[in-house]
Amino acid sequence: YDKGLEAAQSGDFQTALQEWRPLAEQGDADAQKDLGVMYFTGQGVTQDYDEAVRLYRLAAEQGNVAAQSNLAEMYYKGQGVPQDFAEAAKWLQLVAKDGSAPAQYNLGQMYEDGKGVSQNDAEAVVWFDLAAEQGNAEAQSKLGFMYLNEIGVLQDFAEAAKWLRWSAEQGNPSAQINLGVMHSYGDGVPQSNVLAHMWFDIASTNGHFEAIKLRDERAGLMASADVSKAQQMARECMASDYQNCGE
């Protein structure tokens, strides 16, 4: 197996194929998973989603977490199999329970949307929380939004601010705009047009188009000196990699 891995890492997929195919046929889960990746990407073999699914399934049924994750994604997207959210959720749940933060976030999203599972905001919160505790910025943003808007949990502005802040400091524009909204109204954080403008400005820079309107609306309520201060704080915040954000 290791010889095949070394070959694949150096771009020699033909050698990897020669090494892994016999192992996969003998039931080696890692070889099955990696061979599945080759068929999925078309590296060293002709791209074949059907064969990728077959190999991922063989490895997944032996408990290979990476294969379970890949198989869940293929069911979710309908690649090589008919799209099946329930089957995707089944495999994703195994990966999430193994501790994968991205899987925990994605499973939370499926519970929130009711895709492949019964819609359940409280269950979504459970999975978002697990991912957020591991530092997943998307989960932190989602969890903060749910505490802010009392979705699946009791409303808690302090918890909302905590999670949104941690996500915002990782560059998540959705968290940044929601943190700006909280500063606009003083919900769980000090009311501050300057800080609200700062976070809207940062979110705008990071591509959140709604933030442009909110920033400009907030600026209309501020003295020009305060707008200039907020703009300077936004530049300093981003230049410091979110270590110096005025709070």
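Please refer to the structure higher up on the page.
Source: prediction; values computed, not measured.

Basis of the calculations
Residues numbered from 1 in each chain as written. Predicted model: local features only at pLDDT ≥ 70, side-chain atom pairs only at ≥ 80, totals over all residues. Heavy atoms only, no water. Helix = DSSP H or I, 4+ residues; strand = E, 2+ residues; numbered from the N terminus. Rg over C-alpha atoms; globule rule 2.2 N^0.38 Å. Buried < 20%, exposed > 50% of the residue type's maximum accessible area, 1.4 Å probe, protein only. Contact = heavy atoms within 4.5 Å. Areas by Shrake-Rupley, 256 points an atom, 1.4 Å probe, with all protein chains shown as cover. Lys, Arg positive; Asp, Glu negative; His and termini not counted. Charge placed at Lys NZ, Arg CZ, Asp CG, Glu CD. Polar contact = N/O pair within 3.5 Å; in protein donor to acceptor, adjacent residues only side chain to side chain. Axes fitted to C-alpha atoms, helices over the stretch in contact; angles between N-to-C directions. Parallel < 35°, antiparallel > 145°, perpendicular 65-115°, else oblique. Left-handed = near helix turned anticlockwise from the far one by under 90°. Nonpolar A, V, L, I, M, F, W, Y, C, P; charged D, E, K, R; others polar.

Visitor: Which parts of the structure should I look at to understand the overall build of the chain?
Guide: Regarding its fold elements, the chain presents 14 helices and 0 strands. What you see in the chain, going N to C, is helices and strands ordered as α-α-α-α-α-α-α-α-α-α-α-α-α-α. Taken over the C-alpha trace, the chain has a radius of gyration of 23 Å; the compact-globule value for 247 residues is 18 Å, which it surpasses by more than 25%. Each of the three principal axes of the chain carries a C-alpha extent, and together these read 70 × 40 × 25 Å. Within the chain, the proportion of its 247 residues that are buried is 45%. Of the contacts made within the chain by residues no fewer than 6 positions apart, 45% connect residues no fewer than 24 positions apart. Working note: accessible area of the chain is about 11800 Å², and carbon and sulfur atoms make up 47% of it. On the chain, the mean spot of the 17 positive side-chain charges and the mean spot of the 36 negative ones are 3 Å from each other.

Visitor: What am I meant to see in unusual backbone geometry here?
Guide: As a rule of thumb, non-glycine residues mostly have phi less than zero, and peptide bonds are mostly trans rather than cis. Notably, Asp241 is not glycine yet its phi reads approximately 60 degrees, a positive angle. Along the polypeptide, Asp241 turns up in the segment after helix 14 (224–239). Of the residues examined, Asp241 reaches a relative accessible area of 52% and is grouped as exposed. Despite not being glycine, Tyr242 shows a phi value in the positive range, around 65 degrees. By the element assignment, Tyr242 lies in the segment after helix 14. Residue classification places Tyr242 among the buried positions, given a relative accessible area of 9%.

Visitor: How do you make sense of the side chain of Asn64 when you look at a structure like this?
Guide: Its location among the elements puts Asn64 in the loop between helix 4 (49–60) and helix 5 (65–77). For Asn64, a relative accessible area of 10% gives the class buried. A polar contact is formed between the side chain of Asn64 and the backbone nitrogen of Ala67, at a distance of 2.9 Å. Every residue in contact with Asn64, bar those within four places of it in the chain, is listed here: Ala29, Asp30, Lys33 and Ala59.

Visitor: Any chance you could explain the packing of helix 4 against helix 5 here in plain terms?
Guide: The relative placement of two packed helices comes down to the angle between their axes together with the axis-to-axis distance. The geometry of helix 4 relative to helix 5 is characterised by a closest axis approach of 8 Å and an angle of 140 degrees between their N-to-C directions. Compared by their axis directions, helix 4 and helix 5 come out oblique. The chirality of how helix 4 crosses helix 5 is left-handed. Only Ala67, Gln68, Asn70, Leu71, Met74 and Tyr75 of helix 5 make contact with helix 4, whose side of the interface consists of Tyr49, Ala52, Val53, Tyr56, Arg57, Ala59 and Ala60. Split by residue class, the contact of helix 4 with helix 5 holds 10 nonpolar, 2 polar and 1 charged.

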